[in-house]
Amino acid sequence: MSRTVHCIKLGREAEGLPRPPIPGELGKKLYEQVSQEAWRGWVEHQTRLINEYRLVLSDAKSRRFLMEELEKYFFGGGDLAETGYTPPPSA
């Protein structure tokens, strides 16, 4: 049986993550407050950040940058890093 959470990003009840997405306290917080749908949105945004900023994930500075962006994406605390992504127009 799937679990639901009140998603902090979507502002509504939605299907929760099956397990914490990262280790530690932040992973626990994400597990308790983030839906699968919102997490997919983060993964898409993270991919754009990695590509546009040419991040190397073996580099500690790059990983720190992504963790800071992850916290801002879900919990606020500043502006997100810009990407050149423009969504396609709605049909």
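Residues numbered from 1 in each chain as written. Predicted model: local features only at pLDDT ≥ 70, side-chain atom pairs only at ≥ 80, totals over all residues. Heavy atoms only, no water.

Asker: Break down the overall build of the protein for me, citing the residues and quoting the values.
Answerer: Of the regular secondary structure elements, the protein holds 3 helices and 2 strands. Counting from the amino terminus, the protein carries its helices and strands in the arrangement β-β-α-α-α. Counting across all 91 residues of the protein, residues that qualify as buried make up 30%. In the protein, 49% of the contacts between residues at least 6 apart in sequence involve partners at least 24 apart. Accessible surface, the protein: about 6,300 Å² in total, of which carbon and sulfur atoms supply 52%. (Helix = DSSP H or I, 4+ residues; strand = E, 2+ residues; numbered from the N terminus. Buried < 20%, exposed > 50% of the residue type's maximum accessible area, 1.4 Å probe, protein only. Contact = heavy atoms within 4.5 Å. Areas by Shrake-Rupley, 256 points an atom, 1.4 Å probe, with all protein chains shown as cover.)

Asker: An account of the environment of Leu 26 is needed here, citing residue identities and associated values.
Answerer: Along the chain, the position of Leu 26 falls in helix H1 (residues 24–33). On the accessibility criterion, Leu 26 (17% relative accessible area) is buried. As a C-alpha pair, Leu 26 and Leu 70 span 44 residues in sequence and 9.8 Å in three-dimensional space. Those residues in contact with Leu 26 that lie beyond four places of it in its chain are Met 67, Leu 70, Glu 71 and Phe 75.

Asker: Could you give an account of the packing of aromatic side chains, naming the residues involved and the relevant values?
Answerer: Two aromatic rings, taken as a pair, are described by how far apart their centres are and by the angle between their planes. Within the structure shown, the criterion is met by 5 aromatic pairs. On the basis of an interplanar angle of 5° and a centroid distance of 6.0 Å, the ring pair of Trp 39 and Phe 74 is categorised as stacked. In this pair, Trp 39 is assigned in helix H2 (residues 36–52) and Phe 74 in helix H3 (residues 60–75), connecting sequence segments 35 residues apart. Overall, Trp 39 belongs to the buried group, its relative accessible area being 17%. What links up through ring pairs into an aromatic cluster is the set Trp 39, Trp 42, Tyr 73, Phe 74 and Phe 75. Across the ring face of Tyr 31, the terminal group of Arg 3 is positioned such that the distance to the ring centre comes to 3.7 Å. Positioned above the aromatic ring of Phe 75 is the side chain of Lys 29, whose terminal nitrogen or guanidinium carbon lies 4.2 Å from the ring centre. (Phe/Tyr/Trp six-rings, centres within 6.5 Å; stacked < 30°, edge-to-face > 60°. Lys NZ or Arg CZ within 6 Å of the ring centre and 35° of its normal.)

Asker: So what about unusual backbone geometry? Which residues, and what values?
Answerer: Even without a glycine there, the phi angle at Arg 54 is positive, about 50°. Examined against the element boundaries, Arg 54 turns out to sit in the loop between H2 and H3. According to the relative accessible area criterion, Arg 54 is exposed, its value standing at 68%.

Asker: Go over the packing of H2 against H3, please, and point to the residues and values.
Answerer: Their axes nearest at 11 Å, the elements H2 and H3 cross at an angle of 140°. By the angle between their axes, H2 is oblique relative to H3. For the element pair H2 and H3, the recorded crossing hand is right-handed. Between H2, through Ala 38, Trp 39, Gly 41, Trp 42, His 45, Gln 46, Leu 49 and Ile 50, and H3, the contact on the second element is made entirely by Phe 65, Leu 66, Glu 69, Leu 70, Tyr 73 and Phe 74. (Axes fitted to C-alpha atoms, helices over the stretch in contact; angles between N-to-C directions. Parallel < 35°, antiparallel > 145°, perpendicular 65-115°, else oblique. Left-handed = near helix turned anticlockwise from the far one by under 90°.)

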